[in-house]
Amino acid sequence: MRETVIQVRNLVKSFGDLDVLKGVDLDLYKGENLVVLGKSGSGKSVLIKIMVGLLTQDEGSVKVLGKEVKDLSQKDLNALRLKIGFSFQASALYDSMTVRENLEFPLVRNVKNLSKSEKNQLVEEVLDSVGLSGTINQMPSELSGGQRKRIGIARTLILKPEIMLYDEPTAGLDPITCMDINNLINQVNEKYQTTSIIITHDLTCAKVTGDRMAVLLDGVFGAKGKFEEVFQHAQDGRVKSFYDYNFITQ
Amino acid sequence: MAGEPNKKDKVLGKRIDKFFMGLENAYKFVKRFFQEVWFPPYEFKEVIRQCYQIGWNSLPLISLTGFIVGVVFTNQSRPSLAEFGATSWLPALISIAVVRAMGPLVTALIAAGKVGSSIGAEIGSMKVTEQIDAMEVSATNPFKFLVVSRVLASTFMIPILVLYTDFVALLGAFVNVHFNELVSLSTFFVQVFDAISFLDITSSMIKSLFFGFTIGMVGCYKGYNSTKGTEGVGKAANSAVVMAMFLIFIEELLSLQVTNFFRQL
(Lines give C-alpha, C1' and ligand atoms only; values in the text may rest on other atoms or scores of the structure.)
Protein backbone atom coordinates (compact mmCIF):
# COMPACT_ATOMS: atom_id res chain seq x y z
CA MET A 1 0.00 0.00 0.00
CA ARG A 2 1.29 3.50 -0.84
CA GLU A 3 2.41 5.67 2.06
CA THR A 4 0.18 8.70 2.66
CA VAL A 5 2.16 11.87 3.32
CA ILE A 6 -0.73 14.31 3.66
CA GLN A 7 -4.26 13.35 4.56
CA VAL A 8 -7.09 15.90 4.51
CA ARG A 9 -10.57 15.04 5.72
CA ASN A 10 -13.74 17.14 5.61
CA LEU A 11 -11.80 20.41 5.64
CA VAL A 12 -13.96 23.49 6.12
CA LYS A 13 -12.71 27.08 6.07
CA SER A 14 -14.64 30.33 5.90
CA PHE A 15 -13.63 33.97 5.93
CA GLY A 16 -16.54 35.91 7.43
CA ASP A 17 -19.60 35.03 5.38
CA LEU A 18 -17.55 33.54 2.56
CA ASP A 19 -17.31 29.74 2.66
CA VAL A 20 -14.09 28.89 0.82
CA LEU A 21 -13.56 25.20 1.58
CA LYS A 22 -16.71 23.17 2.21
CA GLY A 23 -15.53 19.70 3.12
CA VAL A 24 -12.36 18.91 1.19
CA ASP A 25 -10.93 15.36 1.24
CA LEU A 26 -7.45 14.68 -0.13
CA ASP A 27 -4.67 12.09 0.06
CA LEU A 28 -1.13 12.84 -1.10
CA TYR A 29 1.04 9.77 -1.59
CA LYS A 30 4.80 9.63 -1.17
CA GLY A 31 6.76 10.52 -4.28
CA GLU A 32 3.87 11.87 -6.35
CA ASN A 33 3.20 15.30 -7.78
CA LEU A 34 -0.39 16.29 -7.15
CA VAL A 35 -1.73 19.30 -9.04
CA VAL A 36 -4.60 21.24 -7.47
CA LEU A 37 -6.46 23.24 -10.07
CA GLY A 38 -9.20 25.78 -9.66
CA LYS A 39 -10.33 29.29 -10.43
CA SER A 40 -8.82 32.29 -8.63
CA GLY A 41 -10.39 32.58 -5.19
CA SER A 42 -11.45 28.93 -5.11
CA GLY A 43 -9.39 28.23 -1.99
CA LYS A 44 -6.34 26.47 -3.47
CA SER A 45 -3.80 28.60 -1.60
CA VAL A 46 -5.90 28.45 1.57
CA LEU A 47 -5.68 24.66 1.42
CA ILE A 48 -1.87 24.54 1.38
CA LYS A 49 -1.57 27.37 3.93
CA ILE A 50 -3.61 25.26 6.34
CA MET A 51 -1.18 22.37 5.70
CA VAL A 52 1.76 24.44 7.02
CA GLY A 53 -0.18 26.06 9.84
CA LEU A 54 -0.28 29.55 8.37
CA LEU A 55 -4.08 29.37 8.58
CA THR A 56 -6.28 27.26 10.84
CA GLN A 57 -9.31 25.38 9.60
CA ASP A 58 -12.80 25.83 11.04
CA GLU A 59 -13.53 22.10 10.87
CA GLY A 60 -11.93 18.92 9.65
CA SER A 61 -8.57 17.26 9.88
CA VAL A 62 -5.22 17.87 8.16
CA LYS A 63 -2.50 15.33 8.88
CA VAL A 64 0.98 15.96 7.51
CA LEU A 65 3.48 13.13 7.93
CA GLY A 66 1.04 11.58 10.39
CA LYS A 67 0.69 14.68 12.58
CA GLU A 68 -2.51 16.68 13.04
CA VAL A 69 -1.29 20.19 12.18
CA LYS A 70 -3.74 22.21 14.29
CA ASP A 71 -2.91 20.24 17.45
CA LEU A 72 0.86 20.76 17.25
CA SER A 73 2.73 22.96 19.71
CA GLN A 74 4.77 25.81 18.19
CA LYS A 75 7.95 23.76 18.63
CA ASP A 76 6.50 20.67 16.93
CA LEU A 77 4.97 22.80 14.20
CA ASN A 78 8.38 24.33 13.48
CA ALA A 79 9.93 20.86 13.37
CA LEU A 80 7.27 19.81 10.86
CA ARG A 81 7.76 22.97 8.81
CA LEU A 82 11.41 22.06 8.32
CA LYS A 83 10.22 19.04 6.34
CA ILE A 84 7.98 21.15 4.12
CA GLY A 85 9.17 23.56 1.45
CA PHE A 86 6.71 26.31 0.55
CA SER A 87 7.20 28.23 -2.68
CA PHE A 88 5.12 31.41 -2.60
CA GLN A 89 3.21 32.86 -5.53
CA ALA A 90 5.18 36.12 -5.50
CA SER A 91 8.40 34.34 -4.40
CA ALA A 92 8.45 36.25 -1.07
CA LEU A 93 12.19 36.89 -1.22
CA TYR A 94 13.44 39.18 1.56
CA ASP A 95 13.92 42.53 -0.19
CA SER A 96 16.60 43.83 2.15
CA MET A 97 18.86 40.79 1.71
CA THR A 98 21.04 39.52 -1.13
CA VAL A 99 20.36 36.16 -2.77
CA ARG A 100 23.05 34.59 -0.56
CA GLU A 101 21.49 36.05 2.61
CA ASN A 102 18.05 34.90 1.48
CA LEU A 103 19.32 31.35 1.09
CA GLU A 104 21.29 31.41 4.33
CA PHE A 105 18.35 32.78 6.32
CA PRO A 106 16.56 29.45 7.02
CA LEU A 107 19.88 27.60 7.18
CA VAL A 108 21.57 29.57 9.95
CA ARG A 109 18.45 29.57 12.08
CA ASN A 110 17.67 25.88 11.81
CA VAL A 111 20.94 24.01 11.35
CA LYS A 112 23.32 24.34 14.29
CA ASN A 113 27.12 24.17 14.23
CA LEU A 114 27.45 24.78 10.53
CA SER A 115 30.88 25.99 9.44
CA LYS A 116 31.21 28.83 6.95
CA SER A 117 32.52 26.52 4.24
CA GLU A 118 29.63 24.06 4.76
CA LYS A 119 27.19 26.93 4.58
CA ASN A 120 28.75 28.22 1.36
CA GLN A 121 28.72 24.75 -0.12
CA LEU A 122 25.01 24.27 0.61
CA VAL A 123 24.15 27.70 -0.79
CA GLU A 124 26.14 27.05 -3.97
CA GLU A 125 24.62 23.60 -4.34
CA VAL A 126 21.01 24.79 -4.27
CA LEU A 127 21.80 27.76 -6.48
CA ASP A 128 23.35 25.38 -8.95
CA SER A 129 20.24 23.16 -8.74
CA VAL A 130 18.08 26.04 -9.92
CA GLY A 131 20.65 27.17 -12.50
CA LEU A 132 21.37 30.60 -11.02
CA SER A 133 24.92 30.38 -9.64
CA GLY A 134 25.80 33.82 -10.97
CA THR A 135 23.20 35.70 -8.95
CA ILE A 136 24.58 34.99 -5.48
CA ASN A 137 25.41 38.60 -4.61
CA GLN A 138 22.45 40.24 -6.34
CA MET A 139 19.50 41.84 -4.60
CA PRO A 140 15.99 40.44 -5.32
CA SER A 141 15.06 43.71 -7.04
CA GLU A 142 17.74 43.03 -9.65
CA LEU A 143 16.23 39.67 -10.64
CA SER A 144 13.59 38.86 -13.25
CA GLY A 145 10.27 37.24 -12.28
CA GLY A 146 11.48 33.80 -13.36
CA GLN A 147 14.75 34.17 -11.47
CA ARG A 148 12.91 35.24 -8.34
CA LYS A 149 10.73 32.11 -8.57
CA ARG A 150 13.83 29.95 -8.90
CA ILE A 151 15.56 31.59 -5.94
CA GLY A 152 12.35 31.19 -3.92
CA ILE A 153 12.40 27.46 -4.73
CA ALA A 154 16.14 27.28 -3.92
CA ARG A 155 15.51 28.85 -0.51
CA THR A 156 13.03 26.11 0.33
CA LEU A 157 15.34 23.37 -0.99
CA ILE A 158 18.25 24.38 1.22
CA LEU A 159 16.67 22.58 4.18
CA LYS A 160 16.13 19.45 2.04
CA PRO A 161 12.35 19.17 2.54
CA GLU A 162 10.37 15.95 2.08
CA ILE A 163 7.30 17.78 0.79
CA MET A 164 7.18 20.73 -1.61
CA LEU A 165 4.15 22.99 -1.84
CA TYR A 166 4.16 25.27 -4.89
CA ASP A 167 1.68 28.14 -4.89
CA GLU A 168 1.06 29.20 -8.50
CA PRO A 169 4.65 28.57 -9.65
CA THR A 170 4.06 29.87 -13.17
CA ALA A 171 1.76 32.82 -12.43
CA GLY A 172 2.78 36.00 -14.21
CA LEU A 173 5.55 34.42 -16.28
CA ASP A 174 6.02 34.21 -20.05
CA PRO A 175 5.42 30.78 -21.69
CA ILE A 176 9.14 29.97 -22.06
CA THR A 177 9.94 30.79 -18.44
CA CYS A 178 6.82 28.82 -17.43
CA MET A 179 8.26 25.79 -19.20
CA ASP A 180 11.61 26.31 -17.43
CA ILE A 181 9.85 26.41 -14.06
CA ASN A 182 7.82 23.30 -14.94
CA ASN A 183 11.02 21.45 -15.81
CA LEU A 184 12.64 22.70 -12.61
CA ILE A 185 9.74 21.30 -10.55
CA ASN A 186 10.28 17.90 -12.17
CA GLN A 187 14.05 18.10 -11.63
CA VAL A 188 13.57 19.00 -7.96
CA ASN A 189 11.20 16.08 -7.53
CA GLU A 190 13.75 13.73 -9.07
CA LYS A 191 16.89 15.08 -7.39
CA TYR A 192 15.52 15.70 -3.89
CA GLN A 193 12.96 12.86 -3.93
CA THR A 194 10.20 15.20 -2.83
CA THR A 195 6.45 14.76 -2.76
CA SER A 196 4.71 17.83 -4.15
CA ILE A 197 1.47 19.70 -4.33
CA ILE A 198 1.36 22.20 -7.16
CA ILE A 199 -1.35 24.84 -7.00
CA THR A 200 -2.09 26.30 -10.41
CA HIS A 201 -4.70 27.26 -12.95
CA ASP A 202 -2.25 26.70 -15.80
CA LEU A 203 -3.09 23.43 -17.56
CA THR A 204 0.29 23.20 -19.30
CA CYS A 205 1.99 23.33 -15.91
CA ALA A 206 -0.50 20.77 -14.63
CA LYS A 207 0.09 18.39 -17.53
CA VAL A 208 3.90 18.65 -17.46
CA THR A 209 4.41 18.42 -13.70
CA GLY A 210 1.45 16.48 -12.33
CA ASP A 211 1.02 12.75 -11.77
CA ARG A 212 -2.50 13.35 -10.55
CA MET A 213 -4.97 16.24 -10.77
CA ALA A 214 -7.62 17.49 -8.37
CA VAL A 215 -9.98 20.24 -9.45
CA LEU A 216 -11.39 22.48 -6.72
CA LEU A 217 -14.92 23.58 -7.58
CA ASP A 218 -17.20 25.49 -5.21
CA GLY A 219 -15.23 24.48 -2.14
CA VAL A 220 -14.91 20.74 -2.84
CA PHE A 221 -12.91 18.59 -5.23
CA GLY A 222 -15.12 18.19 -8.30
CA ALA A 223 -12.82 15.84 -10.17
CA LYS A 224 -9.71 13.80 -9.35
CA GLY A 225 -7.47 11.53 -11.37
CA LYS A 226 -4.91 11.57 -14.14
CA PHE A 227 -4.90 14.53 -16.54
CA GLU A 228 -6.67 12.63 -19.31
CA GLU A 229 -9.26 11.16 -16.97
CA VAL A 230 -10.11 14.56 -15.50
CA PHE A 231 -10.16 16.71 -18.60
CA GLN A 232 -10.57 14.67 -21.76
CA HIS A 233 -13.52 12.70 -20.49
CA ALA A 234 -14.90 15.44 -18.27
CA GLN A 235 -18.60 15.10 -17.45
CA ASP A 236 -18.80 18.21 -15.27
CA GLY A 237 -19.43 21.32 -17.36
CA ARG A 238 -17.25 23.47 -15.08
CA VAL A 239 -14.25 21.18 -15.54
CA LYS A 240 -14.88 21.07 -19.27
CA SER A 241 -15.07 24.86 -19.53
CA PHE A 242 -11.86 25.15 -17.50
CA TYR A 243 -10.12 22.91 -20.02
CA ASP A 244 -11.64 24.67 -23.03
CA TYR A 245 -10.65 28.09 -21.73
CA ASN A 246 -7.04 27.03 -21.16
CA PHE A 247 -6.97 25.34 -24.57
CA ILE A 248 -8.18 28.51 -26.28
CA THR A 249 -5.80 30.84 -24.45
CA GLN A 250 -2.79 28.60 -24.91
CA MET B 1 -39.60 49.16 15.01
CA ALA B 2 -39.23 50.45 18.57
CA GLY B 3 -36.12 49.37 20.44
CA GLU B 4 -34.18 48.37 17.32
CA PRO B 5 -30.91 50.31 16.84
CA ASN B 6 -30.89 52.67 13.86
CA LYS B 7 -28.15 52.81 11.23
CA LYS B 8 -26.22 55.58 13.03
CA ASP B 9 -26.17 53.60 16.28
CA LYS B 10 -24.96 50.51 14.45
CA VAL B 11 -22.08 52.43 12.84
CA LEU B 12 -21.16 53.94 16.21
CA GLY B 13 -21.35 50.51 17.84
CA LYS B 14 -19.05 49.05 15.19
CA ARG B 15 -16.56 51.88 15.69
CA ILE B 16 -16.53 51.38 19.46
CA ASP B 17 -16.05 47.62 18.94
CA LYS B 18 -13.20 48.30 16.54
CA PHE B 19 -11.55 50.71 18.98
CA PHE B 20 -11.60 48.25 21.87
CA MET B 21 -10.50 45.36 19.64
CA GLY B 22 -7.59 47.54 18.49
CA LEU B 23 -6.67 48.22 22.12
CA GLU B 24 -6.77 44.51 22.92
CA ASN B 25 -4.63 43.67 19.90
CA ALA B 26 -2.10 46.36 20.82
CA TYR B 27 -1.96 45.05 24.38
CA LYS B 28 -1.35 41.50 23.09
CA PHE B 29 1.36 42.77 20.75
CA VAL B 30 3.23 44.58 23.54
CA LYS B 31 2.77 41.59 25.85
CA ARG B 32 4.22 39.28 23.19
CA PHE B 33 7.27 41.56 22.94
CA PHE B 34 7.96 41.25 26.67
CA GLN B 35 7.40 37.50 26.52
CA GLU B 36 9.84 37.01 23.66
CA VAL B 37 12.58 39.55 24.32
CA TRP B 38 14.23 37.56 27.14
CA PHE B 39 14.51 34.17 25.47
CA PRO B 40 16.85 32.89 22.72
CA PRO B 41 17.43 32.84 19.83
CA TYR B 42 18.75 36.42 20.03
CA GLU B 43 18.97 38.28 16.73
CA PHE B 44 22.07 40.34 17.65
CA LYS B 45 23.12 40.91 14.06
CA GLU B 46 19.70 42.29 13.12
CA VAL B 47 19.61 44.50 16.25
CA ILE B 48 22.98 46.02 15.30
CA ARG B 49 21.86 46.48 11.70
CA GLN B 50 18.73 48.26 12.92
CA CYS B 51 20.77 50.39 15.36
CA TYR B 52 22.83 51.53 12.40
CA GLN B 53 19.72 52.25 10.32
CA ILE B 54 17.95 54.12 13.11
CA GLY B 55 20.96 55.85 14.66
CA TRP B 56 23.56 56.55 12.02
CA ASN B 57 21.13 57.20 9.17
CA SER B 58 19.20 59.73 11.27
CA LEU B 59 22.27 61.81 12.10
CA PRO B 60 22.19 64.28 9.17
CA LEU B 61 18.55 65.19 9.78
CA ILE B 62 18.97 65.32 13.57
CA SER B 63 22.12 67.48 13.24
CA LEU B 64 20.45 70.03 11.02
CA THR B 65 17.27 70.20 13.05
CA GLY B 66 19.07 70.32 16.41
CA PHE B 67 21.36 73.12 15.28
CA ILE B 68 18.48 75.19 13.89
CA VAL B 69 16.44 74.66 17.07
CA GLY B 70 19.37 75.96 19.14
CA VAL B 71 19.86 79.05 16.97
CA VAL B 72 16.16 79.90 16.65
CA PHE B 73 15.31 79.35 20.31
CA THR B 74 18.20 81.58 21.40
CA ASN B 75 17.14 84.29 18.99
CA GLN B 76 13.50 84.16 20.11
CA SER B 77 14.41 84.19 23.83
CA ARG B 78 16.82 87.12 23.67
CA PRO B 79 14.27 90.00 23.42
CA SER B 80 12.33 88.79 26.48
CA LEU B 81 15.49 88.51 28.59
CA ALA B 82 16.85 91.81 27.21
CA GLU B 83 13.80 93.62 28.64
CA PHE B 84 15.11 92.75 32.10
CA GLY B 85 18.76 93.17 31.15
CA ALA B 86 19.23 89.46 31.70
CA THR B 87 20.73 88.26 28.41
CA SER B 88 23.57 86.75 30.43
CA TRP B 89 21.04 84.14 31.53
CA LEU B 90 20.61 82.90 27.95
CA PRO B 91 22.96 79.89 28.28
CA ALA B 92 21.21 78.74 31.45
CA LEU B 93 17.73 79.23 29.98
CA ILE B 94 18.63 77.41 26.78
CA SER B 95 20.34 74.51 28.52
CA ILE B 96 17.31 73.90 30.76
CA ALA B 97 14.90 74.12 27.84
CA VAL B 98 16.99 71.91 25.56
CA VAL B 99 17.93 69.21 28.05
CA ARG B 100 14.59 68.98 29.85
CA ALA B 101 12.19 69.18 26.92
CA MET B 102 13.24 70.33 23.49
CA GLY B 103 16.04 67.86 22.84
CA PRO B 104 14.04 64.73 23.67
CA LEU B 105 10.86 66.05 22.07
CA VAL B 106 12.43 67.25 18.82
CA THR B 107 14.45 64.03 18.45
CA ALA B 108 11.46 61.83 19.20
CA LEU B 109 9.20 63.68 16.77
CA ILE B 110 11.76 63.53 13.99
CA ALA B 111 12.44 59.86 14.69
CA ALA B 112 8.69 59.17 14.73
CA GLY B 113 8.49 60.67 11.25
CA LYS B 114 11.62 59.09 9.84
CA VAL B 115 12.09 55.84 11.74
CA GLY B 116 8.46 55.06 12.64
CA SER B 117 7.22 55.48 9.08
CA SER B 118 10.08 53.46 7.64
CA ILE B 119 9.52 50.58 10.09
CA GLY B 120 5.76 50.68 9.42
CA ALA B 121 6.23 50.69 5.65
CA GLU B 122 8.96 48.03 5.64
CA ILE B 123 7.11 45.54 7.82
CA GLY B 124 3.82 46.38 6.10
CA SER B 125 5.25 45.61 2.68
CA MET B 126 6.81 42.41 4.02
CA LYS B 127 3.39 41.42 5.29
CA VAL B 128 1.55 42.02 2.03
CA THR B 129 4.23 40.32 -0.09
CA GLU B 130 4.11 37.22 2.16
CA GLN B 131 7.72 37.66 3.35
CA ILE B 132 6.55 37.30 6.97
CA ASP B 133 4.72 34.08 6.05
CA ALA B 134 7.90 32.89 4.31
CA MET B 135 9.85 33.38 7.55
CA GLU B 136 7.21 31.50 9.48
CA VAL B 137 7.18 28.48 7.15
CA SER B 138 10.96 28.29 7.34
CA ALA B 139 10.55 27.72 11.10
CA THR B 140 11.83 31.20 12.00
CA ASN B 141 10.01 33.43 14.44
CA PRO B 142 9.26 36.59 12.38
CA PHE B 143 8.15 38.48 15.47
CA LYS B 144 11.54 38.04 17.06
CA PHE B 145 13.48 38.82 13.90
CA LEU B 146 11.43 41.84 12.81
CA VAL B 147 9.68 43.29 15.85
CA VAL B 148 11.93 42.55 18.83
CA SER B 149 15.07 43.64 16.97
CA ARG B 150 13.54 46.93 15.77
CA VAL B 151 11.95 47.85 19.09
CA LEU B 152 15.21 47.14 20.94
CA ALA B 153 17.21 49.14 18.42
CA SER B 154 14.95 52.18 18.60
CA THR B 155 14.82 51.96 22.43
CA PHE B 156 18.63 51.98 22.58
CA MET B 157 19.26 54.54 19.85
CA ILE B 158 16.76 57.31 20.67
CA PRO B 159 18.45 58.22 24.02
CA ILE B 160 21.81 58.36 22.23
CA LEU B 161 20.30 60.55 19.53
CA VAL B 162 18.77 62.77 22.22
CA LEU B 163 22.17 63.33 23.82
CA TYR B 164 23.56 64.17 20.39
CA THR B 165 20.64 66.55 19.64
CA ASP B 166 21.18 68.28 23.00
CA PHE B 167 24.82 68.81 22.15
CA VAL B 168 24.14 70.09 18.62
CA ALA B 169 21.33 72.39 19.80
CA LEU B 170 23.60 73.85 22.48
CA LEU B 171 26.27 74.32 19.82
CA GLY B 172 23.73 76.22 17.70
CA ALA B 173 22.83 78.32 20.72
CA PHE B 174 26.50 79.00 21.42
CA VAL B 175 27.09 80.23 17.86
CA ASN B 176 24.20 82.67 18.26
CA VAL B 177 25.25 83.81 21.74
CA HIS B 178 28.89 84.09 20.74
CA PHE B 179 28.19 86.47 17.86
CA ASN B 180 25.70 88.58 19.81
CA GLU B 181 26.99 88.62 23.38
CA LEU B 182 30.65 87.77 22.64
CA VAL B 183 30.64 84.87 25.12
CA SER B 184 33.49 82.35 24.87
CA LEU B 185 32.91 78.60 24.43
CA SER B 186 34.15 77.73 27.95
CA THR B 187 32.05 80.42 29.64
CA PHE B 188 28.98 79.32 27.69
CA PHE B 189 29.35 75.67 28.63
CA VAL B 190 30.20 76.43 32.29
CA GLN B 191 26.88 78.31 32.50
CA VAL B 192 25.10 75.51 30.65
CA PHE B 193 26.30 72.78 33.05
CA ASP B 194 25.72 74.97 36.11
CA ALA B 195 22.08 75.29 35.19
CA ILE B 196 21.24 71.62 34.70
CA SER B 197 21.02 68.97 37.38
CA PHE B 198 21.46 65.20 37.55
CA LEU B 199 17.66 64.86 37.66
CA ASP B 200 17.35 66.81 34.39
CA ILE B 201 19.71 64.40 32.59
CA THR B 202 18.27 61.20 34.07
CA SER B 203 14.64 62.19 33.49
CA SER B 204 15.54 63.18 29.93
CA MET B 205 17.22 59.81 29.32
CA ILE B 206 14.44 57.78 30.89
CA LYS B 207 11.71 59.47 28.89
CA SER B 208 13.85 59.06 25.75
CA LEU B 209 13.89 55.31 26.39
CA PHE B 210 10.09 55.39 26.48
CA PHE B 211 9.96 57.51 23.33
CA GLY B 212 12.25 55.04 21.52
CA PHE B 213 10.20 52.08 22.68
CA THR B 214 6.99 53.79 21.55
CA ILE B 215 8.34 54.68 18.11
CA GLY B 216 9.60 51.15 17.46
CA MET B 217 6.56 49.43 18.88
CA VAL B 218 3.98 51.58 17.08
CA GLY B 219 5.84 51.27 13.74
CA CYS B 220 6.07 47.48 14.11
CA TYR B 221 2.47 47.11 15.29
CA LYS B 222 1.06 49.14 12.41
CA GLY B 223 3.23 47.34 9.84
CA TYR B 224 2.60 43.88 11.24
CA ASN B 225 -1.15 44.42 11.15
CA SER B 226 -1.37 46.11 7.77
CA THR B 227 -3.85 44.74 5.25
CA LYS B 228 -5.29 45.59 1.83
CA GLY B 229 -2.11 45.45 -0.24
CA THR B 230 -0.07 48.50 -1.13
CA GLU B 231 -2.79 50.86 0.08
CA GLY B 232 -2.46 49.23 3.48
CA VAL B 233 1.33 49.79 3.49
CA GLY B 234 0.83 53.53 2.99
CA LYS B 235 -1.79 53.60 5.72
CA ALA B 236 0.47 51.65 8.07
CA ALA B 237 3.34 54.11 7.57
CA ASN B 238 1.06 57.11 7.99
CA SER B 239 -0.77 55.86 11.06
CA ALA B 240 2.54 54.76 12.64
CA VAL B 241 3.72 58.39 12.53
CA VAL B 242 0.45 59.90 13.75
CA MET B 243 0.01 57.40 16.59
CA ALA B 244 3.66 57.60 17.69
CA MET B 245 3.58 61.43 17.79
CA PHE B 246 0.34 61.41 19.77
CA LEU B 247 1.75 58.95 22.30
CA ILE B 248 5.02 60.90 22.57
CA PHE B 249 3.13 64.03 23.62
CA ILE B 250 1.13 62.05 26.18
CA GLU B 251 4.36 60.55 27.54
CA GLU B 252 5.97 64.01 27.67
CA LEU B 253 3.07 65.27 29.74
CA LEU B 254 3.26 62.31 32.12
CA SER B 255 7.03 62.53 32.47
CA LEU B 256 6.68 66.22 33.35
CA GLN B 257 4.35 65.32 36.25
CA VAL B 258 6.66 62.56 37.48
CA THR B 259 9.81 64.70 37.23
CA ASN B 260 8.13 67.61 39.02
CA PHE B 261 7.13 65.24 41.80
CA PHE B 262 10.78 64.21 42.27
CA ARG B 263 11.96 67.80 41.97
CA GLN B 264 9.77 68.81 44.90
CA LEU B 265 11.10 66.05 47.19
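Residues numbered from 1 in each chain as written. Chains lettered and ligands numbered in written order. Predicted model: local features only at pLDDT ≥ 70, side-chain atom pairs only at ≥ 80, totals over all residues.

Caption draft 1: Examining the packing of helix H5 (residues 145-157) of chain A against helix H6 (residues 175-192) of chain A more closely. All names here are of chain A. Direction vectors running N to C along H5 and H6 enclose 15°, while the axes themselves pass 10 Å from each other. Looking at the two axes, H5 sits roughly parallel to H6. As H5 packs across H6, the resulting crossing turns out to be right-handed. Across the interface between the two elements, Gly146, Lys149, Arg150, Ile153 and Leu157 from H5 touch Thr177, Asp180, Ile181, Leu184, Val188 and Tyr192 from H6. Here the residues of the contact of H5 with H6 are counted per class, giving six nonpolar, two polar and three charged. (Axes fitted to C-alpha atoms, helices over the stretch in contact; angles between N-to-C directions. Helix = DSSP H or I, 4+ residues; strand = E, 2+ residues; numbered from the N terminus. Parallel < 35°, antiparallel > 145°, perpendicular 65-115°, else oblique. Left-handed = near helix turned anticlockwise from the far one by under 90°. Contact = placed C-beta atoms within 7 Å. Nonpolar A, V, L, I, M, F, W, Y, C, P; charged D, E, K, R; others polar.)

Caption draft 2: Highlighting the pairing of strand S7 (residues 163-167) of chain A. Residue and element names in this part refer to chain A. The element S7 is extensively covered by neighbouring structure, given that five of its five residues are classed as buried. Burial along S7 is two-sided: Ile163, Leu165 and Asp167 facing one way and Met164 and Tyr166 facing the other are all buried. As paired elements, strand S6 (residues 84-87) and S7 share four bridges and run parallel to each other. The residue of S7 that forms the bridge with Gly85 is Met164. Pairing of S7 with strand S8 (residues 195-200), which is carried by five bridges, proceeds in the parallel orientation. Looking at S8, one finds that Ile163 is bridged to Thr195. Where the polypeptide runs from S7 across H6 and back to S8, its parallel neighbour, the crossover connection is right-handed. (Buried ≥ 20, exposed ≤ 12 C-beta atoms within 10 Å, placed from the backbone. Pairing = 2+ DSSP bridges. Right-handed = clockwise from strand over helix to strand, strands pointing away.)

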